[in-house]
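Structural features, examined
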Amino acid sequence: TRWRMLARQHSGGPARRWHDQAMPTLQLSPDELLTTTRTVRKRLDLDRAVPMELIRECLEIALQAPSGSNRQDWQWIVVVDTDIRRSIGQIYREVTTEYLASQDSAAELFGDDPERATVQRRVGDSAAWLCEHLGEVPVLMIPCITASKALPAGNQAGLWGSLLPAVWNYMLAARARGLGTAWTTLHLQRESEVAELLGLPPGIHQGALVPTAFYTGDTFKPAPRAPLDAVLHIDSW
């Protein structure tokens, strides 16, 4: 491909390879990028195609994330096929509909706090929109990790800590390139069905599902969060 031909022309290593050929990025400071990379659902543009080279750029940056012992055991499934997206979307719709009807849904959280409850209702409304439209999003990115056929017992932080930082790298890179993303995991309730759709071999475990598209509008701002002192502990609890 043209991308591989261009890559061979550069000898500055992976970082230089993608940087020399990268598409223009938004003029955001590091702090702006980190505080305005928000979950995008309703503003995902379902009609505008996303060039594969743009997704590749984002994934090249994802690969710069840390992983345990530098194993780099991640695998990245980029779904653009219409029928596969539609099938995954149907699974997502079914599990999300059940979730939104439960008392544990985002819309039901913090019901005794009027301010937070208002925010949560908006989150629930946004999640309901994605529930109906996920299969129409131009790109579904599914990050995976290689492990044994059965996930290890006990604390799995070491395993998933070798994948999830790279997923966040991907989302930051997407934001810098005018793409919107959302971190979702509800489909994992039926992970085996999605794995079968994608032809995943045993030992490949999905970590998330990240719908990716250009977004409409251009207003992003830091989200309200609980005060730092409410969650900060120094030296002990």
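The preceding data block contains the structure.
Residues numbered from 1 in each chain as written. Predicted model: local features only at pLDDT ≥ 70, side-chain atom pairs only at ≥ 80, totals over all residues. Heavy atoms only, no water.

You will see that Asn70, though not glycine, has its phi angle at about 55°, which is positive. Within the fold, Asn70 resides in the loop between helix H4 (52–62) and strand S1 (74–79). Backbone geometry at Asp235 places phi at a positive 75°, although glycine is not the residue there. Here Asp235 is to be found in the segment after strand S5 (210–214). Take Asp235: its relative accessible area is 83%, and that puts it in the exposed class. (Helix = DSSP H or I, 4+ residues; strand = E, 2+ residues; numbered from the N terminus. Buried < 20%, exposed > 50% of the residue type's maximum accessible area, 1.4 Å probe, protein only.)

On to the packing of helix H5 (residues 82–100) against helix H9 (residues 191–198), then. Where H5 contacts H9, the two axes come as close as 11 Å, and the packing angle between them is 175°. In terms of axis orientation, H5 runs roughly antiparallel to H9. Judged by residue contacts, Ile84, Ser87, Ile88 and Ile91 of H5 engage Glu193, Val194, Leu197 and Leu198 from H9. Broken down by class, the residue content of the contact of H5 with H9 amounts to six nonpolar, one polar and one charged. (Axes fitted to C-alpha atoms, helices over the stretch in contact; angles between N-to-C directions. Parallel < 35°, antiparallel > 145°, perpendicular 65-115°, else oblique. Contact = heavy atoms within 4.5 Å. Nonpolar A, V, L, I, M, F, W, Y, C, P; charged D, E, K, R; others polar.)

This part covers the pattern of salt bridges. By the definition in use, this model includes six salt bridges. Across the salt bridge formed by Asp125 and Lys42, the nearest N and O atoms sit 2.3 Å from each other. Residue Asp125 is located in helix H6 (residues 114–133), and its partner Lys42 is located in the loop between helix H3 (30–36) and H4; the two are separated by 83 residues in the primary sequence. On the accessibility criterion, Asp125 (43% relative accessible area) is partly exposed. Between Glu57 and Arg177 there is a salt bridge, with the nearest N and O atoms lying 2.7 Å from each other. Pair noted here: Glu57 is in helix H4 and Arg177 is in the loop between helix H8 (164–176) and strand S3 (179–181), with a separation of 120 residues, a long-range link. The exposure classification of Glu57 matches that of Arg177, with both residues buried. A single salt-bridge network, built from bridges that share partners, covers Glu94, Arg190 and Glu193. (Salt bridge = Lys/Arg side-chain N within 4 Å of Asp/Glu carboxyl O.)

Let us now look at the nonpolar core. Ranked by size, the top nonpolar core spans 25 residues in total, and within it Ile55, Leu59, Trp76, Leu163, Tyr170 and Leu179 carry the most contacts. For this core, the secondary-structure elements that each account for two or more residues are H4, S1, strand S2 (139–146), helix H7 (157–160), H8 and S5. If near-sequence neighbours (up to four positions away) are discounted, Trp76 is found in contact with Leu59, Ala62, Leu63, Met141, Ile142, Pro143, Leu163, Ala166 and Val167. Core analysis: the second largest hydrophobic core is formed by 24 residues, Ile91, Tyr92, Leu134 and Ala182 among them. (Core = buried A, V, L, I, M, F, W, Y, C linked by side-chain atoms within 4.5 Å.)

Burial of H4 is extensive: eight of the 11 residues sit out of reach of the surface. Looking only at H4, the buried set comprises Leu54, Ile55, Glu57, Cys58, Leu59, Glu60, Ile61 and Ala62.

Once that is clear, we can look at the pairing of S2. Taken across its eight residues, S2 has seven buried, putting it largely inside the fold. In terms of strand pairing, S1 meets S2 through six bridges, oriented antiparallel. Opposite Ile77, over in S2, you have Ile142 as the bridge partner. When S2 meets S5, the two strands line up antiparallel, connected through three bridges. Counterpart to Val139 in the pairing with S5 is Thr212. (Pairing = 2+ DSSP bridges.)

On the surface, Leu228, Val231, Leu232 and Ile234 cluster together to form a nonpolar patch covering roughly 410 Å² of accessible area. Within the secondary structure layout, Leu232 lies in the segment after S5. Exposure remark for Leu232: the relative accessible area of 41% places this residue in the partly exposed category. (Patch = residues over 30% accessible without salt bridge, like charges linked within 9 Å, V, L, I, M, F, W, Y side chains within 5 Å. Areas by Shrake-Rupley, 256 points an atom, 1.4 Å probe, with all protein chains shown as cover.)

All right, on to the environment of Ala106 then. With respect to the secondary-structure elements, Ala106 resides in the loop between H5 and H6. By relative accessible area, which is 12% here, Ala106 ends up buried. A C-alpha to C-alpha distance of 8.4 Å links Ala106 and Ala127, two positions 21 residues apart in sequence. Residues contacting Ala106, with those up to four places away along its chain left out, are Tyr99, Gln120 and Val123.

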